[in-house]
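# Observations on the model geometry
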Amino acid sequence: MGDTVSVTNLIDNIPKDGCVQYFCPGHLGSKYQAASQLGEMYQYKAVTYLTFSPDGTELLANMGTEHIYLYDITRSRNPLFLELPKLPGAAEGSKSGADCSGADASVGTEKTKHKFSPDVEQLKKEGNASLEKEQFLQAINKYTQAIQKVNGKDCAILYLNRATALMKRNWYGDVYAAVRDCHTALRLDPHYVKAHFRLARALLKLDKLKEAQICLEELVRRFPSYAKNPGVLMLEKDIGLEMDKARHRSPCSRMQTETYEQKENYWRTMSIDYEQRYIGHCNTKTDIKEANYLGDSNYIVAGYVCYHV
């Protein structure tokens, strides 16, 4: 028998840059996070099928017991949890929007009310109506259609409304998708107090406690008139309670932190986040067995072992 080669020696022979690239949805980057949201049986994910686009610029992968994800291999997009934009054209600490009171849903408002075209306004109203009826899938679809029509301009409220619907639906990956929508809303309108608040709430739900605390503290620092808002105070209390639980969690109940080689840690840190998520028939009992491009690559087709396509 020849000499065996250890994994460590193999990694030592791989260049740090330019040879290895990880692709992973941001919400699956933490093992503790995944286990706390999905349960122990869903702690680990497996890719059951992957393929490249015809031109080789995109990677399509199915995550077992979850969803289908599309990655742009030409664009480096790292997972995003907390990256607040600077406030342009106004001194930080100035009040943004109207006073708010009561439940957390009333926190903040846009600095400027945007006027949409009649068709976009109608989609927004239909989305709001579906959200009130707890028809979250329909609400998400309506907000998405409205966003596509305005092409990403002056539509912070549409992204935030979709984030709200995603958090309420709460399918696998929905809360992280809401985090991404909150960041988009804040890039479009950095004075959007409600987007700061919703982002902090989503980070808490993802068990990103430190990030949630920083986000809420920054909201109060930028907009001090909201410091005593009931919704803000309630969220502050919720974050504190979860931090206390984390501090007192017994060692046996914590997810064990694995020790990785330096390069492995680097590759995981530099993993590329998805560009698009595809959700159809929501099936967590059997895996999607294949996901592929259909026709001119504008469509995705997937099949399950339970005969759904």
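Residues numbered from 1 in each chain as written. Predicted model: local features only at pLDDT ≥ 70, side-chain atom pairs only at ≥ 80, totals over all residues. Heavy atoms only, no water.

Here we take up the packing of helix H3 (residues 118-132) against helix H5 (residues 156-169). Where H3 contacts H5, the axes come no closer than 11 Å and their chain directions differ by 25°. Relative to H5, the element H3 is oriented roughly parallel. Relative to H5, the crossing made by H3 is left-handed. Taking contact as the criterion, the partners of Val-120, Lys-124, Asn-128 and Leu-131 in H3 are, on H5, Ile-157, Leu-158, Asn-161, Thr-164, Ala-165 and Lys-168. Residues of the contact of H3 with H5, tallied by class, amount to five nonpolar, three polar and two charged. (Axes fitted to C-alpha atoms, helices over the stretch in contact; angles between N-to-C directions. Helix = DSSP H or I, 4+ residues; strand = E, 2+ residues; numbered from the N terminus. Parallel < 35°, antiparallel > 145°, perpendicular 65-115°, else oblique. Left-handed = near helix turned anticlockwise from the far one by under 90°. Contact = heavy atoms within 4.5 Å. Nonpolar A, V, L, I, M, F, W, Y, C, P; charged D, E, K, R; others polar.)

Right, let's get into the packing of aromatic side chains. Counted according to the given criterion, the structure contains four aromatic pairs. Note on Tyr-69 and Tyr-274: the rings are 4.9 Å apart at their centroids and 50° apart in plane angle, and the pair reads as tilted. Highlighted residues: Tyr-69 in strand E3 (residues 68-72) and Tyr-274 in the loop between helix H10 (262-269) and strand E4 (276-278), separated in sequence by 205 residues. Like Tyr-69, the residue Tyr-274 is buried in the burial classification. Judged by centre distance (5.4 Å) and plane angle (50°), the rings of Phe-81 and Tyr-176 are tilted. Residue Phe-81 is found in the loop between E3 and H3, and its partner Tyr-176 is found in helix H6 (residues 174-188); the two are separated by 95 residues along the sequence. On the basis of relative accessibility, which here comes to 13%, the residue Phe-81 falls in the buried class. Look at Tyr-176 and you get buried, because its relative accessible area is 0%. An aromatic cluster is defined as three or more aromatic residues linked by ring pairs; in this entry it consists of Tyr-69, Phe-81, Tyr-176 and Tyr-274. (Phe/Tyr/Trp six-rings, centres within 6.5 Å; stacked < 30°, edge-to-face > 60°. Buried < 20%, exposed > 50% of the residue type's maximum accessible area, 1.4 Å probe, protein only.)

Tallying each qualifying case throughout the model produces 14 salt bridges. Its salt-bridge partner being Asp-238, residue Arg-201 comes within 3.0 Å of it at the nearest N-O pair. Here Asp-238 lies in helix H9 (residues 230-248) and Arg-201 lies in helix H7 (residues 193-205), a separation of 37 residues in the sequence. Residue class for Asp-238 comes out partly exposed when judged on its relative accessible area of 21%. Residues joined in a network through salt bridges with shared partners are Arg-75, Arg-77 and Glu-275. (Salt bridge = Lys/Arg side-chain N within 4 Å of Asp/Glu carboxyl O.)

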